[in-house]
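Notes for the structure review
Residue strings, one per chain:
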Amino acid sequence: MDMRPPVSLYLHVPFCTVKCGYCDFNSYASLEEQIPAWETALQEELSRWAPAVAGRPVATLFFGGGTPSLLDGDAVARIMATVRSLYALDPEAEITLEANPESVRRERLLGYRAAGVNRLSMGVQSLDTVELRFLDRAHDAEQARTAFTLARDAGFDNVNADLIFGLPEQSLDGWQRSLEGVLAWGPDHLSCYALTVEEGTPLAWRVARGEVTESDPDLLAAMTDWTEERLGQAGYRQYEISNFARPGRECRHNLVYWRHQEYVAVGPGAHGFVDGVRYSVERSPARYIQALTREPARPEPVERRAAAESVRPELVEGRAALDLPSPAAVSREDVTPGTAAIDAAVMGLRLNDGIDEGEFASAHGEHWAGLRPGLEWGIDAGLLERGDGRLRLTRRGRRLANEVFVRLLEPSLV
């Protein structure tokens, strides 16, 4: 019997119509002319990684971004054909593509379905015009509704909607209107994230200059409480801090991350985890293309170069010192058993089911003992609870999860 563990694939599409002010993902506006060269480079990177995971079934595949829905159906079909020819893609694999409403087209959706994409993740964020403008989103509420309808018409029976709450000056009523509006569409999965001010983003600069005030913590807590209660009433099970699904529609790809399982990641700025090694890929699309195709890099505008700072010159040619299959890899970390234990605990506790104490102790041995003081601190503080052999965050603990995680990462704080 083949006991090789499954692996997942993450494909990063760095292109966007607009770069949103709150976004710290590796994405770039107005570089669509690079899509054909990016595809060529991506195909090459996929071929470089295939031998490293030969024979391991690929259980999930995720086109993330950026805005993958800027790709036409033929491009996705070509990429999927390469994956099928090089990897052991499970016939029942979950294959997700992220989409933004303004770039959704009927012919693209039909092309994605024909290529095998069976899950769509829609970046809705809000249905309020003022909020969408604040977030720099390129769509309006009607475009979002139309995009969702087109997805259903194209045959997608597994659709997620991403939403953001806790925006400056957003009221509880305002958040409720957006969520109720999206609920009326009948999505299969909802990701509801509190707005985070990420360092280095235009939003962070605005907050630092006093132009924008972050949401009141008490209001944020009220929004979170209402969201969990309302989605529970609507038949969605909360299975992770920010994620809710109808029965059987949990995002299997994201569960790979939360369960500390392995995945090959390709594309500019992607981060992967294979055979106990974490690695990252060159962020700049131009330099990524050059590393994999040996084509001269096209000059990028100064603001884009700043967002994708050059890697060390000695890594540009081959990255041989990293001993990784892809010449576009720019960093490598060999994950120690201790780090693996911490990572597994922090990610696993994000799930409402938490972690199985017996399985965790068996998998991580002596390093489990090193985590116990932080976990016991969480129990004493009412942020963790023990039951049925599992440790999980309490409802209050989900609000203050970082308080637990920081004590696992820095035991000296306990």
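Refer to the structure above for everything that follows.
These remarks concern the structure in this document. Positions within a chain are numbered from 1, following the residues in the order the chain's sequence is written. Since the coordinates come from a predicted model, pLDDT governs what is reported: local features require at least 70, and pairs of side-chain atoms require 80 or more to be given and counted, while whole-chain, interface and lining totals use all residues. Water and hydrogen atoms were dropped before computing side-chain values, which therefore reflect all heavy atoms in the structure.

**Quick look at the overall build of the protein chain**
Which entries qualify depends on this criterion: Secondary structure is summarised from DSSP: a helix means a run of H or I of at least four residues, a strand means a run of E of at least two, and numbering begins at the N terminus for each. It is over C-alpha atoms that the radius of gyration is taken, and the globule rule equals 2.2 Å times the number of residues to the power 0.38. Each residue's exposure class comes from its accessible area (1.4 Å probe, protein chains only) as a fraction of the maximum for that residue type: buried when under 20%, exposed when over 50%, partly exposed otherwise.
In terms of helices and strands, the protein chain carries 17 helices and 17 strands. Here the protein chain has a C-alpha radius of gyration of 21 Å; the compact-globule value for 414 residues is 22 Å, and the two agree. Taking the principal axes of the C-alpha coordinates as reference, the protein chain spans close to 55 × 55 × 50 Å. Per-residue burial over the protein chain gives 53% buried out of 414 residues.

**Quick notes on the packing of aromatic side chains**
The following threshold applies: Two rings from Phe, Tyr or Trp (for Trp, the six-membered ring) form a pair when their centres sit within 6.5 Å of each other. Planes less than 30 degrees apart are called stacked, planes more than 60 degrees apart edge-to-face, and all others tilted. Here, over-ring charges are defined by two tests on the NZ atom of lysine or the CZ atom of arginine: distance to the ring centre within 6 Å, and angle to the ring normal within 35 degrees.
What the rule picks out here adds up to eight aromatic pairs. Seen in terms of ring centroids, Phe-165 and Trp-175 are 5.1 Å apart; in terms of plane orientation they differ by 35°. Their pairing is tilted. With Phe-165 in strand 7 (residues 159-165) and Trp-175 in helix 6 (residues 172-183), this residue pair connects regions lying 10 residues apart in the sequence. Here Phe-165 and Trp-175 have matching classes, each one buried. With a centroid separation of 5.1 Å and an interplanar angle of 55°, the aromatic rings of Phe-360 and Trp-368 are classed as tilted. Taken as a pair, Phe-360 and Trp-368 share a single burial class, namely buried. One Lys or Arg, Arg-278, reaches over the ring of Phe-273 and ends 4.3 Å from the middle of that ring. Lying over the aromatic face of Trp-377, Arg-407 brings its terminal NZ or CZ to 4.0 Å of the ring centre.

**Regarding the nonpolar core**
Generally speaking, soluble globular proteins have nonpolar side chains that are buried together. Basically, it comes down to this: Note on terminology: a nonpolar core comprises buried Ala, Val, Leu, Ile, Met, Phe, Trp, Tyr and Cys residues joined through side-chain atoms within 4.5 Å. Note on definitions: a residue-residue contact is assigned when non-hydrogen atoms from the two residues lie within 4.5 Å.
With 84 residues, the main nonpolar core has Trp-38 and Leu-190 as its most contacted residues. Discounting residues that sit within four places of it in the chain, Trp-38 has contacts with His-12, Val-13, Pro-14, Phe-15, Leu-71, Ile-79, Pro-268, Tyr-288 and Ile-289. In terms of nonpolar packing, the next biggest core, distinct from the first, is built from 19 residues, Ala-345, Leu-349, Leu-391 and Ala-401 among them.

**Regarding the pairing of strand 11 (residues 263-266)**
Test applied: Pairing between strands is defined by DSSP: at least two bridges between the two strands are required.
Neither face of strand 11 is left uncovered, since the one carrying Tyr-263 and Ala-265 and the one carrying Val-264 and Val-266 both have all their residues buried. Both strand 1 (residues 7-13) and strand 11 contribute to a ladder of four bridges, which runs parallel. Within strand 11, the position partnered with Ser-8 by the bridge is Tyr-263.

**Some details on the pattern of salt bridges**
Applied cut-off: Every case where a carboxyl oxygen of Asp or Glu lies within 4 Å of a side-chain nitrogen of Lys or Arg is listed as a salt bridge.
For the structure on display, the rule yields 26 salt bridges. Here Glu-228 and Arg-399 are joined by a salt bridge, their closest N and O atoms 2.9 Å apart. Residue Glu-228 is located in helix 8 (residues 217-233), and its partner Arg-399 is located in helix 16 (residues 395-399); the two are separated by 171 residues in the primary sequence. Here Glu-228 falls in the buried class, since its relative accessible area comes to 12%. Judged by relative accessible area, Arg-399 falls into the partly exposed class, the value being 25%.

**Notes on unusual backbone geometry**
Note that the residue after Gly-65, namely Gly-66, is joined by a cis bond; omega there is 15°. Secondary-structure assignment places Gly-66 in the loop between strand 4 (57-65) and helix 2 (73-86). One non-glycine residue, His-260, adopts positive backbone phi at about 60°. Of note in this structure, Asp-275 is not a glycine but carries a positive phi near 50°.

**Quick notes on helix 15 (residues 366-380)**
Short version of the rule: Residue count minus one, scaled by 1.5 Å, sets the expected span of a helix. Fitting axes to the seven residues ending at a residue and to the seven starting there, one defines the bend at that residue as the angle between these axes.
Helix length check: helix 15, at 15 residues, gives a terminal C-alpha distance of 22 Å against a target of 21 Å (1.5 Å per residue), a fit within 8%. Taking the largest bend as the criterion, helix 15 deviates by roughly 40°, centred on Arg-372, and proline Pro-373 comes between one and four positions later. Looking at helix 15, one finds that the buried residues are Trp-368, Leu-371, Gly-374, Leu-375 and Gly-378. The secondary structure elements touched by the buried residues of helix 15 are helix 13 (337-348), strand 15 (355-356), helix 14 (357-364), strand 16 (384-387), strand 17 (390-393) and helix 17 (401-409).

**What to know about the sheet that holds strand 16**
One open sheet accounts for three strands, arranged 15-17-16; its pairing is antiparallel. In this open sheet, the two strands that pair with only one neighbour each are strand 15 and strand 16. The pairing of strand 15 with strand 17 spans two bridges and is classified as antiparallel. Each bridged residue has a counterpart across the sheet, and for Ile-355 the counterpart in strand 17 is Leu-391.

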